[in-house]
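Spelled out from the first residue to the last, the chains are:
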Amino acid sequence: MRGSLLTSTDRSWVFEGRSVGGTDGRAVERVLWSLVLASLALDVSTTWLGLSMGLTEGNPVMRWAIDGVGFAALAAAKLLVVGGAVCLRAARPRHGTAIALGLALPWTVTVLVNAVVLASV
């Protein structure tokens, strides 16, 4: 296997002269960016729902921003992060998969935590 798991576009192994287990790295990256967008939308939605039910934002910086500016601060922060990630992806295309994974993982975990908290209210 050539490259690392997060940066290579060639995910095939050569076994006895045959290529086995090939995965298109661009397809993986597209799926991860789709997960980023879905988790972003779900994070904003579950946060809004929780705040409307009287819960408080767990991130102290975002709590301060939401208290001062309003809920638009959360959306602006998320868009700023995604915009920065897209710029970084353009500057370092080799690392697109890692960049998308770096956003998708924590936001997906946040959505799961939000869902558990909302279910317990």
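Note that the structure is a prediction, hence the values are computed from the model and not measured.

Caption draft 1: Representation of helix H2 (residues 60-69) in the model. Burial in H2 covers these residues: Met62, Ala65 and Ile66. Down the axis, H2 shows its buried residues gathered within 95° of arc, on one side only. Residues of H2 that are exposed and point over 90 degrees away from its buried face: Pro60, Trp64, Asp67 and Gly68. In this fold, the buried residues of H2 make contact with helix H1 (25-52) and helix H3 (72-91).

Caption draft 2: Spotlight on the pattern of salt bridges. Counted by the stated rule, this structure contains 2 salt bridges. For aspartate 43, the salt bridge identified is with lysine 78, shortest N-O distance 2.4 Å. Placement of aspartate 43 in helix H1 and of lysine 78 in helix H3 is noted, with a sequence separation of 35 residues between them.

Caption draft 3: Expanded view of the nonpolar core. Counting 11 residues, the largest nonpolar core is built from Leu32, Trp33, Val36, Leu40, Val82, Ala85, Ile99, Ala100, Leu103, Ala104 and Trp107. Elements that contribute at least two residues to this core include exactly H1, H3 and helix H4 (96-119). If you tally residues by element for this core, the top one is H4, at 5 residues. Residues Val44, Ala65, Ile66 and Leu74 belong to the second largest nonpolar core, which totals 6 residues.

Caption draft 4: Here's a closer look at the layout of surface pockets. Of the volumes computed, that of the largest pocket is approximately 410 Å³. Around the largest pocket, the lining is made up of 21 residues, and of these Asp43, Thr47, Glu57, Thr110 and Asn114 lie nearest the centre. Looking at the lining of the largest pocket, the elements with two or more residues in it are H1, H3 and H4. In terms of residues, the lining of the largest pocket owes the most to one element, H4, which gives 6 residues. Counted by class, the lining of the largest pocket contains 10 nonpolar, 8 polar and 3 charged residues.

Caption draft 5: H4, seen in detail. An ideal rise of 1.5 Å per residue puts 34 Å on 24 residues; H4 measures up with 34 Å between its terminal C-alpha atoms. Buried residues of H4: Gly96, Thr97, Ile99, Ala100, Leu103, Ala104, Trp107, Val111, Asn114 and Leu118, and no others. Its buried side turned inward, H4 meets H1 and H3.

Caption draft 6: Summary view of the packing of H2 against H3. Where H2 contacts H3, the axes come no closer than 7 Å and their chain directions differ by 130°. Our classification of the angle between H2 and H3 gives oblique. Of the residues in H3, those in contact with Met62, Ala65, Ile66 and Val69 of H2 are Ala73, Leu74 and Ala77. Broken down by class, the residue content of the contact of H2 with H3 amounts to 7 nonpolar, no polar and no charged.

Caption draft 7: Structural context of the packing of H3 against H4. Contact geometry of H3 with H4 gives a least axis separation of 9 Å together with a crossing angle of 160°. As far as their axial angle goes, H4 and H3 are roughly antiparallel. When the axes of H3 and H4 are compared, the crossing they make is right-handed. Touching Lys78, Val81, Val82, Ala85, Leu88 and Arg89 of H3 are Gly96, Ile99, Leu103 and Trp107, all from H4. Per-class residue counts for the contact of H3 with H4 are 7 nonpolar, 1 polar and 2 charged.

Rules and cut-offs
Residues numbered from 1 in each chain as written. Predicted model: local features only at pLDDT ≥ 70, side-chain atom pairs only at ≥ 80, totals over all residues. Heavy atoms only, no water. Buried < 20%, exposed > 50% of the residue type's maximum accessible area, 1.4 Å probe, protein only. Helix = DSSP H or I, 4+ residues; strand = E, 2+ residues; numbered from the N terminus. Arc of directions from axis to C-beta. Contact = heavy atoms within 4.5 Å. Salt bridge = Lys/Arg side-chain N within 4 Å of Asp/Glu carboxyl O. Core = buried A, V, L, I, M, F, W, Y, C linked by side-chain atoms within 4.5 Å. 1 Å grid on protein atoms, 1.4 Å probe; cavity = no way out; pocket = protein on both sides within 12 Å on 5 of 7 lines; lining within 4 Å. Points joined across faces, edges and corners; volume = space filled by probe spheres on them. Nonpolar A, V, L, I, M, F, W, Y, C, P; charged D, E, K, R; others polar. Expected span 1.5 Å × (residues − 1). Axes fitted to C-alpha atoms, helices over the stretch in contact; angles between N-to-C directions. Parallel < 35°, antiparallel > 145°, perpendicular 65-115°, else oblique. Left-handed = near helix turned anticlockwise from the far one by under 90°.

In short, shape yes, function no, at least from these values alone.
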